[in-house]
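# A structural walkthrough
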Amino acid sequence: MAGIPLYFVDLQDDLDDFGFEDYGPDCDSMRITAFLDIPGQDNLTPLARLEKYAFSDNVFNRQIIARGLLDVFRDFSNNEEDFLTVMEIVVRLSEDAEPTVRTELMEQIPPIAIFLQESRPKFPTAFFEYLMPIVVRYLTDVNNQVRKAGQEALLILLEQDLVAQSDIENKVCPILLDLSAPDSDDEYKVEAVNIICKMASMLSRTTVEHMLLPRFCELCSDGKLFQVRKICAANFGDICNAVGQEATERLLIPKFFELCSDSVWGMRKACAECFMAVSYTTSPEVRRSKLSPLFISLISDTCRWVRQAAFQSLGPFISTFANPSSAGLYIREDGTLSIRPPAQDVNSNPCQPSNNITVMSSSANAALSSSEQPMEIKPESSTEGTSAEVHTKLSEDLNKNSLEQSSDCCASPGEDVSGLCQGDKAAAGGSEGTKESSVPGLGSGLPPAEDVFNTFLYWRPPLPDISQDLELLQFKADKHSDGCSGPCNNCVASNEIKKVLESLQEHIDDPDVQAQVQVLSAALRAAQFDSVGDCDTKKMEESGDHLQNKMILDETVVSDAACKQVQGDTLSSPASQGDISDQSSTSVLKSTDSEEQHRGTSVFLRKEQENNPPFEDDKSKLQDIIPQPLLDQYLSMTDPARAQTVDTEIAKHCAYSLPGVALTLGRQNWHCLKDTYETLASDVQWKVRRTLAFSIHELAVILGDQLTAADLVPIFNGFLKDLDEVRIGVLKHLYDFLKLLHADKRREYLYQLQEFVVTDNSRNWRFRYELAEQLILILELYNPNDVYDYLRHIALTLCSDKVSEVRWISFKLVVAILQKFYANSANALGLNFINELVVRFRHCSKWVGRQAFAFICQAVVEEECMPVDQFVEHLLPSLLSLASDPVPNVRVLLAKALRQTLLEKAYFKSVGNPHLEAAEETILALQSDRDQDVSFFATIKLKQDNVDNITIEKQ
């Protein structure tokens, strides 16, 4: 009786007086029109009874009919004549004087339209002839609630693509244009512009551009109602996306400027919120020249709420400047960030090395002294300190630039490609040098020794002790017996850097070249600092005057020969200024006269010298990817004053947008964001650190392995010791971050993984659950011995967790570990692990442990993670012995493991299998078990889709 609808209770009443007053909203879950089939004293057919109640004097009766129209159409869809009669009733019901009836009717139009679409062969034009006119008419209904219902229904129909293009252009759009006319009622106008903005993304570009865009532009300048302008501003990005770039720049950008300067701050705030969407549809030129200054005006607005919205949109707006070709990264369709394979330039050297690897001479790298070398430069090692990072990047950029400008130089992977090629000397400011001086062990086709070993490539003190080249250095020391002072080394290094900077002026528009200019300028300042440290006061002043007079802004002739100095053994090989001038007499570089180049590199270096004196070792924050004022404003978001004058959570917004900004700038400009990232990582608000923790793996992909090891790993280590709210961000993407590290650095975290088992709050079981899930993925990053020594203990600890969810996912981790051993032929480790599982779980004093053993055995067979002969020898006997377990839950899981998994394998189906008989005997015993559930699962093989295995297992 509980399943009988409420309106079946009073069957003895006369249906004429039946008014449904006793029924509430619960009727929606039933077949509302079931009363049409109830036999009564009126002897009316269901169709006549429908018409009777559809036009009853009782308003609630009419509401019930309107609410149940979908069921009515389904009941009468088999007969075309009855179906058309129902349609006529609906049309008459749509003219009901009661607004609630019309609202109920309009809410049923979308599901009815979907039903008619599915039944289109029977009634191809029913919706367009009967229902679509109702929707259009309700857009101008006098009742506000009815109009809103009609608008919602129209949007649903457009989203489902159920409205014909002709109806949109001939019926819907004219109505909306009339409602949004200047002389229209204010309430109608606001509703019309709102529906225009929402439906723009669902219509074709042609329809929007020709029919709706002119009216939208008029509404943006509506001086009567600020509500209209605010709706236009809030949806401006959607309109731009709907009409495309050409119409946006021609018609919408001027209107956008008007809205951004509106006297009402709410308009300016709405513009700031949609700025990224508008920028996305414009060209790079418009984005840089027009939108960037406009955004700066918003970020400096007098209203705090406008500034707050602008700062929140600053990072997303900067991300619209991203160029996959320069960043080297792209976003896949699934949303993951991936490295784009470098495109092969026709003018570049085909053997050009990767951007992530520092190019060095193999012989020189082998000869570096580990005791005196300040850093170890190799692809799989991390760099330490800012100076070491600049040293590595400087060598890489110089070599990359040299290789790109040459079409003749090509070296094999085993050869040295770090020096400048013969054909590039004129372009890079190099000189012929002394060809008889060569590095032992190198071929004659390689660059001269002076190009391989010079103070430019090794400008950071202390210089490496190259023991293999002592003879070469002694030869040069004898040749330049007259000698030059210690500061000469740094002076020549500065001159070489200046020459390379001059050669880059011709390509200053290239973002990669601009990045090289920034790194070289930092090297220039460091060389000046070294020169000061090695000289007395008088020589320091002379060196400073020389550097100021020899800037690349002037047309100068500089030498390429360099004096070598090894500080470790106090070995120096000075060269006289006269010899240097003689050797470089054929190599002359002149600065360009182009106005654009003058504004580029020259102005950049002038600012570098003004803002960064020779004694200052900070890296420049200048770049050429995005307008510099935008970056300056973004970097200022970490200023504590901003939190007081703009938004208390402005640092969180900065942290949230930082990966997008880093992707836009590229790894070559990471130095612009490094200090800001470190400031955010040490912020007192744990929400800021949590935001960074959730995105550090994406930032590692952007920066590459070297910068990750140098700059992100220390911050990552700090997050590991932070609050649980911060650690969870690192933990959720632990595998994604660790896989980006080199094997030696990754192995260091084996000792720290067990720290995740301990949490600030023991009730935070989801933390341990996430750890188990990550460990399943992390297994592939380590060898079997490391898994056995470190991860095995963590897995067994999680298997004994107090929370059931953690234990069940940990059992899967145990199975994955076992699969890891046998997949890598570590059978001895696998056997030891099996014996430990048998002792810990099969012979556990608690029934949940014995139940876990049955689950593990079932999962081992399902995943086929070990040879079947090993399974039947080491696990099967212990599994079958569970048939005599006193706890039914253990026997239930055993029955499922045998019936659903074990006996379905081909190995156990083969005739004559000695283990088949033991398994069948166990099944027969379980089938006659006194527990009903045990016998049920031992008898019937259930489909996986029909049984919730997890629920049964946890009982």
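This is a predicted model, so every value here is computed, not measured.

The rules behind the values
- Starting afresh in each chain, residues are numbered from 1 along the sequence in its written order.
- Where local features are concerned, this predicted model is filtered to residues with pLDDT of at least 70; where side-chain atom pairs are given and counted, the filter is 80 or more; whole-chain, interface and lining totals use all residues.
- Only heavy atoms go into the side-chain values, all of them from the structure, while hydrogens and water stay out.
- In DSSP terms, a helix is any run of H or I states spanning at least four residues, a strand is any run of E spanning at least two, and both are numbered starting from the N terminus.
- To sort residues, take the accessible area from a 1.4 Å probe on protein chains only and compare it with the maximum for the residue type: under 20% means buried, over 50% means exposed, and anything in between is partly exposed.
- Where accessible areas are quoted, they stem from the Shrake-Rupley method and a 1.4 Å probe; at the residue level, only the protein chains shown are allowed to cover.
- Here the expected length of a helix is defined as 1.5 Å per residue gap, with one fewer gap than residues.
- In this text, buried Ala, Val, Leu, Ile, Met, Phe, Trp, Tyr and Cys residues form a nonpolar core when linked through side-chain atoms within 4.5 Å.
- Every residue pair with non-hydrogen atoms within 4.5 Å of one another is taken to be in contact.
- Two aromatic rings, drawn from Phe, Tyr or Trp (for Trp, its six-membered ring), form a pair once their centres lie within 6.5 Å of each other, and the interplanar angle then sorts them: stacked below 30 degrees, edge-to-face above 60, tilted otherwise.
- By convention in these notes, a salt bridge is any Lys or Arg side-chain nitrogen within 4 Å of a carboxyl oxygen on Asp or Glu.
- Throughout, a disulfide means two cysteine sulfur atoms within 2.5 Å of one another.
- Each axis is a line fitted through C-alpha atoms, and for a helix only the stretch in contact is used; angles between axes span 0 to 180 degrees, taken between their N-to-C directions.
- Angular relationships are summarised with four words: roughly parallel below 35 degrees, roughly antiparallel beyond 145, roughly perpendicular across 65 to 115, and oblique for the angles in between.
- Definitions for this section: a left-handed crossing has its near helix turned counterclockwise from the far helix by less than a right angle. A right-handed crossing has that turn clockwise.
- For every residue, the predictor reports its confidence as pLDDT, a number between 0 and 100.
- For this analysis, a polar contact is any N or O atom pair within 3.5 Å, provided that within protein one partner can donate a hydrogen and the other can accept it, and provided that sequence-adjacent residues contribute only side-chain to side-chain pairs.
- Residue classes follow a fixed rule: Ala, Val, Leu, Ile, Met, Phe, Trp, Tyr, Cys and Pro count as nonpolar, while Asp, Glu, Lys and Arg count as charged, and any other residue, Gly among them, counts as polar.

Attention shifts here to the overall build of the protein. Within the protein one finds 49 helices and four strands. Here the protein, with 955 residues, has 53% of them falling under the buried criterion. Element-wise, carbon and sulfur atoms account for 50% of the exposed surface of the protein, whose accessible area totals about 43300 Å².

For the rest of this paragraph, the subject is helix α45 (residues 888-901). Spanning 14 residues, α45 covers 19 Å between terminal C-alpha atoms, matching the ideal 20 Å at 1.5 Å per step. Of all 14 residues in α45, 12 are buried; the element is thus mostly enclosed.

By size, the foremost hydrophobic cluster in this structure holds 220 residues, and its most contacted members are Phe-236, Phe-256, Tyr-634 and Phe-871. Among the elements that make up this core, the one with the highest residue count is helix α34 (residues 686-720) (15 residues). Ignoring anything within four residues of it in the chain, the contact list for Phe-256 reads Phe-236, Cys-271, Cys-274, Phe-275, Val-278, Leu-291 and Leu-294.

Take the packing of aromatic side chains next. Following the criterion strictly, the structure yields 22 aromatic pairs and no others. Taking the centre distance of 5.0 Å and the plane angle of 45 degrees together, the rings of Phe-236 and Phe-256 count as tilted. Placement of the pair is Phe-236 in helix α13 (residues 236-243) and Phe-256 in helix α14 (residues 245-260), with a sequence separation of 20 residues. Classification of Phe-236 by relative accessible area gives buried; the value is 0%. Summarising the aromatic geometry, the rings of Phe-275 and Phe-295 are spaced 4.9 Å apart at their centres and angled 75 degrees between planes, so their arrangement reads as edge-to-face. Taken together, the residues span a long stretch of sequence, with Phe-275 in helix α16 (residues 275-280) and Phe-295 in helix α17 (residues 284-299) at a distance of 20 residues. In textbook terms, an aromatic cluster arises when at least three aromatic residues are bridged by ring pairs, as seen for Phe-216, Phe-236, Phe-256, Phe-275, Phe-295, Phe-317 and Phe-321.

This part takes up the pattern of salt bridges. Summed over the entire model, instances satisfying the criterion amount to 27 salt bridges. For Asp-96, the salt bridge goes to Arg-62, with nearest N and O atoms at 2.5 Å. Of this pair, Asp-96 sits in the loop between α4 (80-93) and α5 (99-107) while Arg-62 sits in helix α2 (residues 59-67), and the two are 34 residues apart along the sequence. With respect to class, Asp-96 is no different from Arg-62; both count as buried. The shortest N-O distance in the salt bridge between Asp-71 and Arg-74 comes to 3.9 Å.

This model, assessed by the stated rule, comprises zero disulfides. Cys-220 takes part in no disulfide bond, and the closest cysteine sulfur, belonging to Cys-232, lies 4.1 Å away. Residue class for Cys-220 comes out buried when judged on its relative accessible area of 3%.

Glancing now at unusual backbone geometry. Phi is positive for Ser-825, which is not a glycine, with a value near 60 degrees. Among the structural elements, Ser-825 can be located in the loop between α40 (804-823) and α41 (827-842). Judged by relative accessible area, which is 61%, Ser-825 ranks as exposed. A positive phi angle, close to 50 degrees, is found at Glu-864, a residue other than glycine. Among the secondary structure elements, Glu-864 is positioned in the loop between α42 (847-863) and α43 (868-874). What makes Glu-864 exposed here is its relative accessible area of 59%.

Below, the discussion takes up the environment of Arg-840. Relative to the elements of secondary structure, Arg-840 occurs in helix α41. Remark: the alpha-carbon pair of Arg-840 and Phe-853, spanning 13 residues in sequence, is separated by 8.9 Å. In contact with Arg-840, other than residues within four places in its own chain, are Leu-796 and Ser-800.

Let us now look at the packing of helix α32 (residues 650-665) against helix α33 (residues 671-681). Close contact between α32 and α33 brings their axes to 11 Å; oriented N to C, the two are set at 155 degrees. Relative to α33, α32 is oriented roughly antiparallel. For the pair α32 and α33, the crossing hand works out as left-handed. Only Cys-672, Leu-673, Thr-676, Tyr-677 and Leu-680 of α33 make contact with α32, whose side of the interface consists of Ala-651, Cys-654, Ala-655, Leu-658, Val-661, Ala-662 and Leu-665.

Take the confidence of the model for the protein next. Across the protein, the average pLDDT comes to 73, with 63% of residues at 70 or higher. Contacts for the low-pLDDT stretch residues 342-463, under 50 throughout, to residues beyond four places or in other chains number 217 contacts.

In this model, helix α10 (residues 186-199) (14 residues) spans 20 Å end to end at C-alpha, consistent with the 20 Å of a helix rising 1.5 Å per residue. Looking only at α10, the buried set comprises Tyr-188, Lys-189, Glu-191, Ala-192, Val-193, Ile-195, Ile-196, Cys-197 and Met-199. Those residues of α10 that are buried are in contact with α8 (144-159), α9 (165-179), α11 (205-220), α12 (226-234) and α13. The distance from a side-chain oxygen at the start of α10 to the backbone nitrogen of Glu-187 is 3.1 Å, and the residue carrying that oxygen is Asp-185.

Further remarks concern the side chain of Asp-141. Take Asp-141: it is sitting in the loop between α7 (126-138) and α8. At 3.0 Å, the side chain of Asp-141 and the side chain of Arg-102 are in polar contact. Sequence-distant contacts of Asp-141, defined by excluding residues within four places in its chain, comprise Arg-102, Val-146, Arg-147 and Tyr-188.

Relative to the helices and strands, Asp-711 resides in helix α34. With a relative accessible area of 6%, Asp-711 lands in the buried category. Separated by 3.2 Å, the side chains of Asp-711 and Lys-674 make a polar contact.

Following both chains from N to C, one finds α40 and α41 inclined at 155 degrees, their axes separated by 7 Å at the closest point. One element, α40, and the other, α41, form an angle in the roughly antiparallel class. Along this stretch, α40 crosses α41, giving a crossing that reads as left-handed. Seen from α40, the contacting residues are Phe-811, Val-814, Ile-817, Leu-818, Phe-821 and Tyr-822; seen from α41, they are Asn-827, Leu-829, Gly-830, Leu-831, Phe-833, Ile-834, Leu-837 and Phe-841. Here the residues of the contact of α40 with α41 are counted per class, giving 12 nonpolar, two polar and no charged.

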